[in-house]
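Take a look at the letters that make up each chain.
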Amino acid sequence: MTSLPPSGFDRLSEPVRKWIWRQGWTSLRDVQEKAIPAILAGGDVVVSARTAAGKTEAAFLPLLTRLAERQSDGFSVLYVSPLKALINDQFRRLESLCETCGMLLHKWHGDVAATAKSKARKRPSGIVLITPESLEALLVRRGGEVLRLFGNLDAVVIDELHAFIGTERGMQLQSILNRIEVAAGRDTVDRIGLSATLGDMRLAAEALRPGEGASVRLVEGIDEGNGLRLQIRGYLRPMPPDEEAGEEAKERPRVPEAVAADLFRFLRGRSNLLFAGSRTNVELYADALRGLCETACLPNEFFPHHGNLSKAAREEVELRLREDPRPTTAVATTTLELGVDIGDVETVAQIGPGFSVASLRQRLGRSGRRAGKPAVLRIFAIERAAGRGQHPLDRLHLDLVQSIAMVECLAEGWCEPPRPAGLHLSTLIHQILAIILQTGGIRPPVAWKLLCERGPFRMIDRGLFADLLRVMASAENCLVEQSPEGLLMIGETGEKIAESHEFYPVFATEREYRIVHETRTLGTYPLDSTVAHGETIIFAGRRWQVVEVDDRARVIIVKPANAGKPPYFSGDGGDIHDRIVETMRKVLASHDTPSYLDKTAAALLEEARAAFSGMGLASGSCIAFGNGALVFPWTGTKKLRTLTLALQARQFKAEHFGHAVELQECQPDAVREVLAAMAAAPPPNGMALAMRLAQPPLAKFDGFLSRELMGLVTVSERLEVAALPLLAQKLQSSPSFDLNSSVRNQA
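Please read all numbers here as calculations on a predicted model, not as lab measurements.

Criteria and cut-off values
- Residues numbered from 1 in each chain as written.
- Predicted model: local features only at pLDDT ≥ 70, side-chain atom pairs only at ≥ 80, totals over all residues.
- Heavy atoms only, no water.
- Salt bridge = Lys/Arg side-chain N within 4 Å of Asp/Glu carboxyl O.
- Helix = DSSP H or I, 4+ residues; strand = E, 2+ residues; numbered from the N terminus.
- Buried < 20%, exposed > 50% of the residue type's maximum accessible area, 1.4 Å probe, protein only.
- Arc of directions from axis to C-beta.
- Contact = heavy atoms within 4.5 Å.
- Pairing = 2+ DSSP bridges.
- Axes fitted to C-alpha atoms, helices over the stretch in contact; angles between N-to-C directions.

A. The pattern of salt bridges, seen in detail. In total, this model carries 34 salt bridges according to the counting rule given. Among the salt bridges present, the one from D89 reaches R322, with a minimum N-O distance of 3.9 Å. Highlighted residues: D89 in helix α5 (residues 84-100) and R322 in helix α14 (residues 311-323), separated in sequence by 233 residues. By relative accessible area, D89 is classed as buried at 7%.

B. Spotlight on unusual backbone geometry. With phi around 55°, C297 is a residue other than glycine that occupies positive phi space. Position of C297 among the secondary structure elements: in the loop between α13 (279-295) and β10 (302-305). Overall, C297 belongs to the exposed group, its relative accessible area being 69%. Although it is not a glycine, R554 sits at a positive phi angle of roughly 55°. When its relative accessible area of 31% is taken as the criterion, R554 is described as partly exposed.

C. How the structure looks around helix α10 (residues 201-208). The set of residues buried in α10 consists of M201, A204, A205, A207 and L208. Relative to the axis of α10, the buried residues are bounded by an arc of 160° and lie together on one face. For α10, the secondary structure elements touched by its buried residues are β1 (45-48), β5 (155-158), α9 (168-183), β6 (190-195) and β7 (217-220).

D. Examining the sheet that holds strand β17 (residues 520-526) more closely. One open sheet holds the five strands; their spatial order is β17-β16-β20-β19-β18, and the pairing between them is mixed. Each edge of the open sheet is held by one strand with a lone partner, namely β17 and β18 (536-539). On average, each strand axis in the sheet is tilted by 40° relative to the strand beside it, whichever way the strands run. Here β18 runs beside strand β19 (residues 542-550); their pairing, made up of four bridges, is antiparallel. Counterpart to I538 in the pairing with β19 is R543.

Quick look at the structure:
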């Protein structure tokens, strides 16, 4: 008789099993049963499952079982999180488990007292919960202690893996982990990546262990959840103010009254999340909904949550959602997408389509956690009313169509794959400075082998690395210099940068004012957003008047007011994947009306489909418009940007916005001829296209790059040059349509 293999529970150590009994669990989750044997076996593992499926325990139950059999000096497990708030949550979550297992647990980030960190460093043991920036600071400041601290490290757990992949912080983290392995004299230390949102597990495995993704074990949890109630609601944007209104009134964004009224009706009296998009929108919607509470003589239930608010203000909203029985709706940007513990929310609402299906899936996982309660998602799509002279893009109601496309992709189980790594020269500059500070000086060939050959910057060959060092050492930059012995050392400018605590993050941070009311800091406001004495603003969900602006101290003093204009924040947006835009075209070409649309959304979809057919877009991609043409490639942001630059390189006046390329002073036939030439030719020179693109310093150290190096970054990270011939072939084979003639005939 064949005996059954032991269950995941049976494989765990006695203290871990005892803790599970105390929790009253009757069984382990699917992802936990699958992850336990994989992690106990050792090696790198990616664990993926829906939000609230128990991924944290899936990692730490087997890890603590492994540690029960080992006694060693130094820290045993590093847990790395993108958010300090998530570290605080996980500390609460793991505290009793670690106590039962006799394992020390440490928090380590910017808000933790220096005495607590010093105590942990002097007698290192147990599990450390840390951010990449704090880990970087530890290596730079205590480079000589790496072997003592991490020489016996058993594993590294990377939470919210998808938030790191393809980003500056992700490259920094990969480099830090590699530097720890080398400094600790280890070939590898097991890495365990946790994520709720992964479109391509193999790409995630490669991101977890660059160059060796094939060796990473993949664990995917199956948890169907409690079902989904979904609705997309359509609205018409109010007409702009009349000609007699002042310029400020015309330009000021407003919340449509019907949208605010429906949000108030659906969300009041419950705990919810409202994702409003930009930080400006968060303030607008929080202010509008607070106003409706006041009009109804009700206590306010709607509170803003975004990165410019003070830590205390954000934590107050999180605590109220998690522990306060009063109804609460957090009006947020992406700040509440990740796994910060806010308890169970009843409804997730979203303004507009957002930029990714992965983000939509992450948000949806916040609802429907209670047994028998389905997740509830409402998307509010706001479109311009049809009118004479309206731009063709407005007639297609593309925000609504994109919302539908994202829901359809979500229903198919698809989400964006992790972004492939680019050159990330800005982050490499940072890591060169960091490794010099950690070691006290390093030879260029050794630095290249550590950071590029073995580390994550594998697209950088020796020649390009040497070019980067020359730029860093130039008289203009003075980031590094070389000693007589040939060691790379920190240069004059590099020393000034490294002295600041802002050196450790690799992402660019805005220079900001603090907004203060009496003795309380409300948050921060960008320096490039002008504000004057006596002006009124909306901030932290309330209206304020500026009493004083202290430019030297970078402080804005405010007092409560009855009026206010929305604040301005830059940098909200993102690239859209090819699959989403391709699905948008399918939605417009279809005759089926999704059952999850309300009446207004369904009517707007019919208008969009009529316009799509009437403009000849069902069979073509190029239409005459004004004195030029519109091209609809139905492709993602990167390819759209690349096509625009290629047309500019052929002397067309071309700009892309929305999902189209608009060309001036040309005929569709001329555009078709050029597209045919592009289709027949090899891909154009990527550097030549990049030189046409405005190249502002997007990453933190981009400003130190030469124009040529910045061009290489642009080609690798912002363009898709190789895809251009196939895209052009698809476009030139479709017939053109004269929209101007169509409009004249209708008139």
